[in-house]
Amino acid sequence: MKKIGKKINYLPLTICLIIGIVISYLMYLVSRQVFISVLFGIIGLIVSILIYSLNLSNSYNYWQIDDREIQYNNYDTTAQKVQAIILPLATNRRTLKFSEISSIALVIGKGMEMPAEIGSEGAIDASAYVVDSALQHFYSPYYLMLKLKDGRKVDLDLSKNKTDKANVERLIKEIELKTNLKAKLVKQSL
């Protein structure tokens, strides 16, 4: 079993709680009213959780692959991200069978290097480019994009492993072997 990325932990919740407590304390110093300080502390906690959820996928995008399937944490909606911050051990894990995959693409950011043996002459076709406006929906400059037979798209982050090109290359070759598909290279043009 290969593990990629970083699992969510209690650090995001701890940071948000500290922010809420600091805001509450500062409001108490200003107003000397407990109700107002608690109210602003709760508002600060909620706002900090929502702000943290915007970049949750970039920091904590853990997934793993074994002989039969790919398991990944689903952070498609803001509610799922907030739930992952508040209850990190109760993550929304999804399973993806290799037979469900219809295409594979390695998406790399502008100026990034790809794994050594992957390129226009190798396993990946380097002719595709991502439209700039679509990049705003996925902030990581290095991920594996899987299109499924039911029309869904799953993005699996590789940014935590971007310096380990050999491991990424082995991972892509393993997925290609299990799906009988060839991966394409998609270069971001930002």
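Up top you'll find the structure we're talking about.
Let me sum up the structure you'll find in this document. (Residues numbered from 1 in each chain as written. Predicted model: local features only at pLDDT ≥ 70, side-chain atom pairs only at ≥ 80, totals over all residues. Heavy atoms only, no water.)

1. Brief notes about the pattern of salt bridges
- Under the counting rule described, the total for this entry stands at seven salt bridges.
- With a closest N to O distance of 2.3 Å, Lys-2 and Glu-174 form a salt bridge. Here Lys-2 is found in strand β1 (residues 2-4), whereas its partner Glu-174 is found in helix α5 (residues 165-179), with 172 residues between them in sequence.
- Relative accessible area serves as the criterion here: at 28%, Lys-2 is assigned to the partly exposed category.
- Its relative accessible area of 16% is what places Glu-174 among the buried residues.
- Two residues, Asp-155 and Lys-153, come together in a salt bridge whose shortest N-O distance is 3.4 Å.
- In this structure Asp-155 comes out as buried when scored by relative accessible area, which is 17%. (Salt bridge = Lys/Arg side-chain N within 4 Å of Asp/Glu carboxyl O. Helix = DSSP H or I, 4+ residues; strand = E, 2+ residues; numbered from the N terminus. Buried < 20%, exposed > 50% of the residue type's maximum accessible area, 1.4 Å probe, protein only.)

2. A few points about helix α1 (residues 11-31)
- Under the 1.5 Å per step criterion, the end-to-end length of α1 is 30 Å for 21 residues, consistent within 8% with the ideal 30 Å.
- When we look at burial in α1, the residues that qualify are Pro-12, Leu-13, Cys-16, Gly-20 and Ser-24. Summarising the axial view, the buried residues of α1 lie within an arc of 105°, below the 170-degree limit, and thus occupy one face. Exposed residues on α1 whose side chains face more than 90 degrees from its buried face are Ile-21 and Tyr-25.
- Each element contacted by the buried residues of α1 is listed here: α2 (34-54) and α4 (78-86).
- Looking one or two residues past α1, Arg-32 carries a phi angle of roughly 60°, positive in sign. (Expected span 1.5 Å × (residues − 1). Arc of directions from axis to C-beta. Contact = heavy atoms within 4.5 Å.)

3. Some thoughts on unusual backbone geometry
- Even without being a glycine, Arg-32 presents a positive backbone phi close to 60°.
- Inspection of the secondary structure puts Arg-32 in the loop between α1 and α2.
- We note that Asn-180 has phi near 60°; this positive angle belongs to a residue other than glycine.
- In this fold, Asn-180 is placed in the loop between α5 and β9 (183-188).
- In this structure Asn-180 comes out as exposed when scored by relative accessible area, which is 70%.

4. A word on the environment of Lys-3
- Tracing the sequence through the fold places Lys-3 in strand β1.
- Counting along the chain gives 60 residues from Lys-3 to Trp-63, while the straight-line C-alpha distance between them is 6.1 Å.
- The residues contacting Lys-3, other than those within four sequence positions of it, are Tyr-62, Trp-63 and Gln-64.

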